[in-house]
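Residue-level listing of the chains:
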Amino acid sequence: MLKARLRLLGDARLTAGPAPHGEQVPLAGLALLAGYLALHPDQPISRDRLAFTLWPDVTEEDALLSLRQCLFRLRRALSTAGLPDDVIEASGRRLLFKSAAGLWVDVHAFQAAVEDPAQQVSAIEFYRGHLLDGHGAPWIEPVRAHLLEQVLRALRTQTQTAIMRRNTARALNYARQLVEADPLRESSHRILMEALALNGQRVQALQHYETLCTLLHDELGIDPMPQTRDLVSRIQHGSITPDLPPVAVSPQASLGMLVSLGEQIVGRREQIAVLDDHLARAMAGQGSFVLLTGDWGTGKTTLLTAWTQAREPAVYLYTVCAADHPQALTAALDWSRLPEQAREPDPSAGRLGALLLTAAAHAGDALVLAIDSLQHATRATWQTLAYLAQRAERFPLLIVAAARDLNGDQQAMVHALQRAGAVTLLPLKPFTRGQIAQLAERLTGAPPQPVYLNRLIRESEGVPLVAEAFIRAATFEQMPAVVSEHVARLVGCLSTGARLLLTTAARQARHFDYALLRTLTDDESAILDALEEALAAGVIGVFGEGYTFTHRQVRLGLLANPLP
């Protein structure tokens, strides 16, 4: 039951009751603590780590004192808002913020809706400002950048959708919000200028260009990009049309394959449309970096392979799997196909990025680099990709990569690119019931019976690769080899102690909590270490007030292969 609301997007605000405009409860000096706890629900948090995170510039003693004082005041504020006294649970040196206490948090509502086309408009309305606006702290920056990138992507989608539907007033509204959300992103200003022109406001569009020139000069000391000047020229000559640039296709390309790819790949039509949009923009001279993300088995490699094979006749396209070639960019390129200006078969790491930009500039329509298993690429490859991503907007260059389980350095680099607006994350989620049914019919040639479909959904939990493995195996009595191999890799990352503890927990249930683990051992440090290991390895995830095995097959794999 909803008892209170916490707003973290924009100025932090706590209100009592389920209504959006309930009585406000003061949060003076408590916004950072409330925000950190609300954004890490149901996770045991060390008091020492929390104190250091929130007060990094004072002594440990002073930080812990500040934490005790703020916790007392925050508990009182939450109680005033109508939440139970134990919403913040203390256990020794650990704190746990309960998500089931009846508190609605706008960040969670935003993230649940922003990737769903049917709810995207609501998500945009939730975004009243940047996360904890006015507050600065190292832990906020990557989260803030991620949320900003999500809302920018949603605003671009809604703007483009409105343009395609000839609803120019609606497009203009979203384009203005796009610029307001990130004023220094030049591509957003181009979208606004285009929306103004399409809405019959050519003079205002040209005036906005002058405003943009002043902004770029004063804030960054640069001139507008060639793409922006080209747009201005087209606005001046009245040649702006509401159609997005089409993907160029050579006479040898199979147009049927290009059109029907969304029908061939089950459940990924939206992602294919996003990739095609970035390809169209690259062919118009505005490149980008798109990173396919998602858990194991969600179909990143399948999508990347099918899309590149279908689009290869239209562009200069190079593909490589970083798992096979960690020096991914060097391994991918056929230097003999590149223009003479870019030929240097054994370039240094520092030269490779510049050569690729030269190759893109002379490639004709566009240069596309497709990289699978990017998590296995070397640091040098990642650094070159970061170099290219931050400059791609000026070149006909599209980088499409797929990755999962990024390490700390790689995650930090992706966060930095997000803050710079230099990467678009394209997440792949598990299939819905309808998509699983469609996959089964595609593979078997007949619609699945309800009983079979229910069992298939239960065993696969919507993960496409797992579902396909069970369909092809034609039995549920044995775990398919591809699934068991993945489970073995996951649990193989755990220490013996962590694996023994989790195997014991697996015998109890799919979902478990800290209290259950305490019944298995009195060693609190061993429990916390095991939880941290399992969370990092992807064996378990947070679930309500406790934890859950990330997949049914992971739990079954632990039970089927216990340690001696």
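To be clear, the structure that these remarks concern was listed above.
Residues numbered from 1 in each chain as written. Predicted model: local features only at pLDDT ≥ 70, side-chain atom pairs only at ≥ 80, totals over all residues. Heavy atoms only, no water.

Side note on the overall build of the chain
So, step 1. From N to C terminus, the chain includes 25 helices and 15 strands.
So, step 2. Its C-alpha radius of gyration of 26 Å places the chain within 12% of the 24 Å reference for a compact globule of 564 residues.
So, step 3. For the chain, the spread of C-alpha atoms along the principal axes amounts to about 70 × 60 × 50 Å.
So, step 4. Taking all 564 residues of the chain together, the buried fraction comes to 50%.
So, step 5. Of the contacts made within the chain by residues no fewer than 6 positions apart, 67% connect residues no fewer than 24 positions apart.
So, step 6. Surface summary for the chain: the accessible area is close to 26,100 Å², and the carbon and sulfur share equals 51%. (Helix = DSSP H or I, 4+ residues; strand = E, 2+ residues; numbered from the N terminus. Rg over C-alpha atoms; globule rule 2.2 N^0.38 Å. Buried < 20%, exposed > 50% of the residue type's maximum accessible area, 1.4 Å probe, protein only. Contact = heavy atoms within 4.5 Å. Areas by Shrake-Rupley, 256 points an atom, 1.4 Å probe, with all protein chains shown as cover.)

Some remarks on the packing of aromatic side chains
So, step 1. As enumerated under the stated definition, the model contains seven aromatic pairs in all.
So, step 2. Arranged with centres 5.6 Å apart and planes meeting at 50 degrees, the rings of Phe110 and Tyr127 form a pair that is tilted. Of the two residues, Phe110 sits in helix H4 (residues 106-114) while Tyr127 sits in the loop between helix H5 (120-126) and helix H6 (140-164), which places them 17 residues apart along the sequence. Considered together, Phe110 and Tyr127 belong to a single accessibility category, that of buried residues.
So, step 3. Through pairs of rings, three or more aromatic residues link up here, namely Tyr452, Phe470 and Phe476. (Phe/Tyr/Trp six-rings, centres within 6.5 Å; stacked < 30°, edge-to-face > 60°.)

A closer look at the sheet that holds strand E15 (residues 546-549)
So, step 1. Spatially, the three strands line up as an open sheet ordered E13-E15-E14, and their pairing is antiparallel. With partners counted over all chains shown, the strands left at the sheet margins are strand E13 (511-512) and strand E14 (540-543), one partner each.
So, step 2. Where E13 lies against E15, two bridges are found, and the strand directions are antiparallel. Bridge pairing in E15 links His511 to Thr548.
So, step 3. Against the sheet, helix H24 (residues 524-537) contacts E13, E14 and E15, and its axis sits at roughly 105 degrees relative to E14. (Pairing = 2+ DSSP bridges. Axes fitted to C-alpha atoms, helices over the stretch in contact; angles between N-to-C directions.)

Re the pattern of salt bridges
So, step 1. This structure, assessed with the given rule, holds 20 salt bridges.
So, step 2. The salt bridge involving Arg7 is made with Asp11; its shortest N-O contact spans 2.4 Å.
So, step 3. Salt-bridge contacts for Arg153 lead to Glu115; the nearest nitrogen and oxygen are separated by 2.8 Å. Taken together, the residues span a long stretch of sequence, with Arg153 in helix H6 and Glu115 in the loop between H4 and H5 at a distance of 38 residues. (Salt bridge = Lys/Arg side-chain N within 4 Å of Asp/Glu carboxyl O.)

Some remarks on the packing of helix H1 (residues 31-39) against helix H3 (residues 60-80)
So, step 1. Where H1 contacts H3, the axes come no closer than 10 Å and their chain directions differ by 75 degrees. It follows from the interaxial angle that H1 and H3 lie roughly perpendicular. Taken together, the residues of H3 that come into contact with H1 (itself represented by Leu33, Ala34 and Leu37) are Leu67, Cys70, Leu71 and Leu74.
So, step 2. For the contact of H1 with H3, the residue count by class is seven nonpolar, no polar and no charged. (Parallel < 35°, antiparallel > 145°, perpendicular 65-115°, else oblique. Nonpolar A, V, L, I, M, F, W, Y, C, P; charged D, E, K, R; others polar.)

Describing the pairing of strand E5 (residues 88-91)
So, step 1. As judged from the four bridges shared by E5 and strand E6 (residues 94-97), these two strands associate in the antiparallel manner. If you follow Ser91 over to E6, its bridge partner there is Arg94.
So, step 2. Hairpin remark: E5 followed by E6, antiparallel, with two residues in the connecting loop; positive phi at Gly92, about 65 degrees.

Observations regarding the sheet that holds strand E7 (residues 103-105)
So, step 1. Read across the open sheet, the four strands follow the order E3-E2-E1-E7; overall the sheet is mixed. Lying at the two open borders of the sheet, with one neighbouring strand each, are strand E3 (24-25) and E7.
So, step 2. As paired elements, strand E2 (residues 13-16) and E3 share two bridges and run antiparallel to each other. In the sheet register, Leu14 faces E3, and the bridge partner there is Val25.

Things to note about the state of the cysteines
Each disulfide consists of one covalent bond between the sulfur atoms belonging to two cysteines.
So, step 1. Across all of its chains, the model carries zero disulfides by this definition.
So, step 2. In this structure Cys493 is a free cysteine whose sulfur lies 18 Å from that of Cys321, the closest cysteine sulfur available. (Disulfide = S-S within 2.5 Å.)

As for the environment of Leu172
So, step 1. Secondary-structure assignment places Leu172 in helix H7 (residues 168-181).
So, step 2. With 23 residues separating them along the chain, Leu172 and Ala195 place their C-alpha atoms 5.2 Å apart.
So, step 3. Once residues within four sequence positions are removed from consideration, Leu172 is found in contact with Leu192, Ala195, Leu196, Asn199 and Gln201.

Some words on the packing of helix H18 (residues 433-444) against helix H20 (residues 464-473)
So, step 1. One can describe the packing of H18 onto H20 by two numbers: an axis separation of 10 Å at closest approach and a directional angle of 40 degrees. Taken together, the axes of H18 and H20 are oblique relative to one another. Every pair of crossing elements has a handedness; the one defined by H18 and H20 is right-handed. Here H18 contributes Ile436, Leu439, Ala440, Leu443 and Thr444 to the contact with H20, which in turn contributes Pro464, Ala467, Glu468, Ile471 and Arg472. (Left-handed = near helix turned anticlockwise from the far one by under 90°.)

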